Amino acid sequence: MANQLANASSPYLLQHANNPVNWYPWGAEALQKAKAENKLILVSIGYSACHWCHVMEHESFEDDEVAALMNRFFVCIKVDREERPDIDQIYMTAVQLMTGRGGWPLNCFCLPDQRPIYGGTYFPKQDWMNILGNLAHFYETKPDEAEEYAVRLTEGIQQSEKLEFGSHQQEYTMATIQEFLEPWKRSFDFTEGGPNRAPKFPMPNNWEFLMQVAQLTQDNNLANFVKLTLDKMASGGLYDHLRGGFARYSVDAKWHIPHFEKMLYDNGQLLSLYSNAYKWTGNQSYKKVVYDTVNWLKNEMTSAEGGFFSALDADSEGVEGKFYTWAKAEIDEILGGDAPLFNSYYEISEKGNWAEEHTNHLWRRKPASAIATHFGVTEEAVEERITLAKQKLLAVQNQRVRPGLDDKILCSWNALTISGLCHAYQAFADEAFLNLAMRNLQFIDQNLNKENGGLYRNFKDGKTSINAFLDDYACLIQALIDVYECTFDEQHLQKAKALTNFVWVHFKDANSPMFFYTSDEDEALIARKYELLDNVIPASNSIMANNLKKLGLLLQNDEYLQQAADMLKSIVPSIKTYASGYSNWASLLLQEVKGVFEIAVTGDDFEEKRRELEKKYIPNKIILGGKQGNLPLLHDKFIGETRIFVCKDKTCQLPVSEVSEALKQIF
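These numbers were taken from a predicted model, which means no experiment stands behind them.

Draft legend 1. Expanded view of unusual backbone geometry. Looking along the chain, the bond that leaves Trp104 and enters Pro105 is cis, with omega of 5°. Summarising the element assignment, Pro105 is placed in the loop between helix H5 (85–99) and strand E4 (106–110). Backbone torsion omega between Ala198 and Pro199 reads 0°, so that peptide bond is classified as cis. Mapped onto the secondary structure, Pro199 falls in the loop between helix H8 (174–185) and helix H9 (204–217). Positive phi values are uncommon outside glycine, yet His358 reaches one of about 55°. Within the secondary structure, His358 is located in the loop between helix H14 (339–345) and helix H15 (368–375). You can call His358 exposed: its relative accessible area is 64%. Notably, Gln556 is not glycine yet its phi reads approximately 50°, a positive angle. In this structure, Gln556 sits in the loop between helix H21 (540–555) and helix H22 (558–577). Of the residues examined, Gln556 reaches a relative accessible area of 48% and is grouped as partly exposed.

Draft legend 2. Layout of the state of the cysteines. Inspection of every chain in the model, using the stated rule, returns two disulfides. For Cys50, the disulfide goes to Cys53, at an S-S distance of 2.3 Å. A torsion of 80° about the S-S bond marks the disulfide between Cys50 and Cys53 as right-handed. Shown here is the disulfide that connects Cys647 with Cys652, its sulfur atoms set 2.0 Å apart. Here the disulfide of Cys647 and Cys652 is right-handed, its torsion about the S-S bond being about 95°. What makes Cys647 buried here is its relative accessible area of 3%. The connectivity of the disulfide-linked cysteines in the protein, indexed sequentially, is 1-2, 3-4. The structure places no disulfide on Cys475, whose sulfur is separated from the nearest cysteine sulfur, that of Cys411, by 8.0 Å.

Draft legend 3. Main features of the pattern of salt bridges. Tallied over the entire structure, the rule returns 41 salt bridges. The shortest N-O distance in the salt bridge between Lys408 and Glu82 comes to 2.6 Å. In this pair, Lys408 is assigned in the loop between strand E12 (405–406) and strand E13 (409–410) and Glu82 in the loop between strand E3 (74–80) and H5, connecting sequence segments 326 residues apart. Accessibility expressed as a relative area gives 0% for Lys408, which makes it buried. Linking Arg611 and Glu431 is a salt bridge whose minimum nitrogen-to-oxygen distance equals 2.2 Å. With Arg611 in helix H24 (residues 606–614) and Glu431 in helix H18 (residues 431–447), this residue pair connects regions lying 180 residues apart in the sequence.

Draft legend 4. Layout of the sheet that holds strand E18 (residues 651–652). The four strands are arranged E16-E15-E17-E18 in an open sheet whose pairing can be described as mixed. Of all strands in the sheet, those with a lone pairing partner are strand E16 (621–626) and E18, marking the two edges. Note: strand E15 (residues 597–602) against strand E17 (residues 643–648), five bridges, orientation antiparallel. From the neighbouring strand, Ile599 faces E17, where its bridge partner is Val646. Sheet strands in contact with H21 are E15 and E16, and its direction is about 40° off that of E16.

Draft legend 5. Representation of the side chain of Ser235 within the structure. Considering the arrangement of structural elements, one finds Ser235 in helix H10 (residues 220–235). Accessibility expressed as a relative area gives 19% for Ser235, which makes it buried. Polar contacts involving the side chain of Ser235 include one to the main-chain carbonyl oxygen of Asp231, which spans 2.9 Å.

Draft legend 6. Structural view of the pairing of E17. Summarising the sheet, E17 and E18 pair through two bridges and their orientation is antiparallel. Residue pairing for E18: Cys647 is matched across the bridge by Cys652. Where E17 folds back on E18, the antiparallel hairpin that results is connected by two residues, among which Asp649 adopts a positive phi of roughly 55°.

Draft legend 7. Fine view of the environment of Tyr239. Relative to the elements of secondary structure, Tyr239 occurs in the loop between H10 and strand E6 (249–250). Owing to a relative accessible area of 4%, Tyr239 belongs among the buried residues under this scheme. Between the C-alpha atom of Tyr239 and that of Ser250, which follows or precedes it by eleven residues, the distance is 9.7 Å. Once residues within four sequence positions are removed from consideration, Tyr239 is found in contact with Met233, Ala234, Gly244, Gly245, Phe246, Lys288, Val289, Asp292 and Thr293.

Draft legend 8. The arrangement of the pairing of strand E5 (residues 116–120) in detail. Where burial is concerned, most of E5 is hidden: four out of the five residues are buried. As defined by bridge partners, E4 adjoins E5 across four bridges and the pair is classed as antiparallel. Residue pairing across strands places Cys108 opposite Gly119, the latter belonging to E5. Remark: five residues form the turn of the hairpin made by E4 and E5, two consecutive strands paired antiparallel; Gln114 in that turn has positive phi of roughly 85°.

Draft legend 9. Molecular detail of the nonpolar core. Grouped together as the largest cluster of nonpolar side chains are 182 residues, with contacts concentrated most on Met70, Trp128, Phe209, Met233, Tyr274 and Ile575. When residues of this core are assigned to their parent elements, the largest contribution, twelve residues, is made by helix H19 (residues 470–487). The next biggest cluster of nonpolar side chains, apart from the first, holds 24 residues, and it includes Ile41, Val75, Cys108 and Ile526.

Draft legend 10. Structural detail: the packing of H10 against helix H11 (residues 264–281). Where H10 meets H11, the closest approach of the two axes is 12 Å, and the angle between their N-to-C directions is 130°. When the axes of H10 and H11 are compared, the pair comes out oblique. Crossing of H10 over H11 shows left-handed handedness. Counted together, Ala223, Val226, Lys227, Leu230, Met233 and Ala234 of H10 and Leu270, Leu273, Tyr274, Ala277, Trp280 and Thr281 of H11 form the full contact between these two elements. When the residues that make up the contact of H10 with H11 are grouped by side-chain class, the tally is ten nonpolar, one polar and one charged.

Draft legend 11. Inspection of the sheet that holds strand E9 (residues 311–312) at higher detail. Pairing is antiparallel across the open sheet formed by three strands, whose spatial order is E8-E9-E12. Each edge of the sheet is formed by a strand with only one pairing partner; in this case those strands are strand E8 (262–263) and E12. Pairing analysis gives two bridges linking E8 to E9, with the strands arranged antiparallel. Across the sheet, Lys262 pairs through a bridge with Leu312, a residue of E9.

Draft legend 12. Seen up close, H11. For H11, with 18 residues, the first-to-last C-alpha span of 25 Å sits near the 26 Å given by 1.5 Å per residue. Most of H11 sits out of view: 17 of its 18 residues are buried. Of the residues trailing H11, Gly282 is marked for its positive phi of about 75°.

About the thresholds
- Residues numbered from 1 in each chain as written.
- Predicted model: local features only at pLDDT ≥ 70, side-chain atom pairs only at ≥ 80, totals over all residues.
- Heavy atoms only, no water.
- Helix = DSSP H or I, 4+ residues; strand = E, 2+ residues; numbered from the N terminus.
- Buried < 20%, exposed > 50% of the residue type's maximum accessible area, 1.4 Å probe, protein only.
- Disulfide = S-S within 2.5 Å.
- Salt bridge = Lys/Arg side-chain N within 4 Å of Asp/Glu carboxyl O.
- Pairing = 2+ DSSP bridges.
- Contact = heavy atoms within 4.5 Å.
- Axes fitted to C-alpha atoms, helices over the stretch in contact; angles between N-to-C directions.
- Polar contact = N/O pair within 3.5 Å; in protein donor to acceptor, adjacent residues only side chain to side chain.
- Core = buried A, V, L, I, M, F, W, Y, C linked by side-chain atoms within 4.5 Å.
- Parallel < 35°, antiparallel > 145°, perpendicular 65-115°, else oblique.
- Left-handed = near helix turned anticlockwise from the far one by under 90°.
- Nonpolar A, V, L, I, M, F, W, Y, C, P; charged D, E, K, R; others polar.
- Expected span 1.5 Å × (residues − 1).

Pasting the structure below:
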């Protein structure tokens with residue numbers, strides 16, 4: 001029999017709809033039941049592509065004996081962290097305060113008023129049953145102690161992001177950046193790229209910031225490290241060499257064996273990273289990564305209406321990675337005479353390059369030139385044979401049972417992908433990328449806008465149900481700015497301004513420069529938190545600060561510029577202590593140090609000049625123009641002929657007609 005999740009929209013909640021546990025979705029019914037019956041609440045949080053969430057469900061939540069304990073003593077609430085990150089933030093902080101670590105599945109036990117008293121992540125079945133019994137007994141016999149725990153934990157949650165907001169405007173220099181960059185370098189893996197630890201996450205914003213520093217300071221050592229990281233990620237098993245797209249993270253230090261789920265937000269950001277890296281280096285392998293990832297996005301992650309789905313599961317047929325891995329004998333049979341070359345190219349062996357599972361996962365350790373020499377053929381012949389071989393393997397893989405698809409559509413993740421497609425369009429001038437971005441933007445406009453000027457976060461089966469959070473607004477504002485810089489259509493900037501003003505009214509904290517993660521229209525939880533730390537997705541506040549900087553320049557809005565400066569000022573001390581966790585903030589700091597070029601391209605041939613300009617990697621710029629326009633920076637810049645104006649610090653150089661001349665004014 002189905003439980004209370006049967007009518008949920010979230011694929012993750014629906015996965016649990018037939019558990020014997022009487023799960024409820026987060027909402028008034030469950031919360032009121034806990035108070036009325038004086039029961040502890042279990043808040044169990046995960047997401048559809050989470051491997052260990054599936055394991056715990058199978059071991060415990062599908063077990064009748066376990067379910068009987070849970071139903072007797074607790075009101076059990078299931079939460080999809082991707083739909084309700086506001087709830088996840090609070091209880092993740094609680095578990096981290098209690099245990100020093102976090103992750104998913106996240107299981108937090110709370111008093112009937114939602115305040116946490118105990119929690120953890122994955123528990124084996126017997127441990128879980130012991131915890132259930134012990135907590136039920138503890139709450140029944142020692143309610144005063146439970147109250148004390150709740151008071152201390154809730155205070156910890158509420159104090160966890162308190163900042164000291166100083167009034168002194170400090171001077172930023174490259175010394176400010178070097179102060180946190182030098183300690184960060186000590187954590188680099190100069191053999192395999194990325195951080196010198198496992199697991200390894202792609203963390204696109206880390207490498208984007210370091211790429212910006214390398215370009216603007218001409219730091220060759222840093223440049224080589226960033227290129228090494230990008231090369232290793234793209235040649236490793238983290239990247240899907242058959243279908244395109246990147247997996248969630250690598251469980252080892254060599255980017256070899258991934259945790260096989262694919263998330264939209266990773267791939268949207270990695271489109272931006274590899275597109276910009278192509279502009280920076282001209283490396284053709286980066287171009288291939290972008291094109292193959294966009295093909296994966298179109299083929300596997302795009303709804304009929306133009307929205308982008310959220311994730312592909314790690315598991316198929318109950319086995320992690322089964323869809324993506326190969327036995328050598330299987331490859332030999334499919335490829336015949338081309339198998340030896342293919343096996344050498346992708347490190348395929350009889351015993352399996354994924355030794356623990358006795359199977360193979362495609363990854364590259366040798367350049368094509370080494371393969372060509374070994375087999376006595378040209379590099380071009382190697383690439384041609386590899387391409388044909390991949391097509392044969394892909395045809396076989398397409399007959400396998402596919403991983404589960406999380407087909408909910410989230411505003412913030414779609415917006416990150418719009419930005420990625422815009423950066424791909426700027427790098428390669430391929431209209432297909434811009435068209436895909438514009439179709440998705442149209443989907444958001446038609447389905448996620450609210451009548452009061454706000455947004456919805458989610459869309460599933462034609463329905464929206466959750467108010468947008470700060471990351472939804474921040475990422476969409478960022479995407480609208482990116483679309484403007486691709487099209488010079490000012491309606492996108494006006495939409496970005498309207499959303500910014502909505503955030504200003506409904507999310508701003510009167511006692512700090514920061515914006516709350518939830519709006520004043522949302523239900524009150526036990527804490528109203530900021531999001532400050534740049535993680536796998538940059539913090540919504542750091543994205544907003546960067547947006548305010550760009551919009552402030554494009555619209556000549558001093559209030560926006562001052563807000564961005566105040567936000568940055570309050571976070572700089574944190575950057576110095578943990579640079580990799582504040583890399584998007586650090587990008588804003590780098591702009592303050594190096595300044596921002598305002599490049600206006602006007603006249604009949606503006607599009608041709610814009611495309612030519614975008615071939616060059618200029619990380620500290622905004623670009624604007626067209627045949628006409630109403631932006632303050634375009635005033636007096638429509639002079640008949642096509643011209644390029646390079647301005648910085650409220651000073652413009654003489655207009656030029658050729659991109660090569662404009663670049664001399666920049667570099």
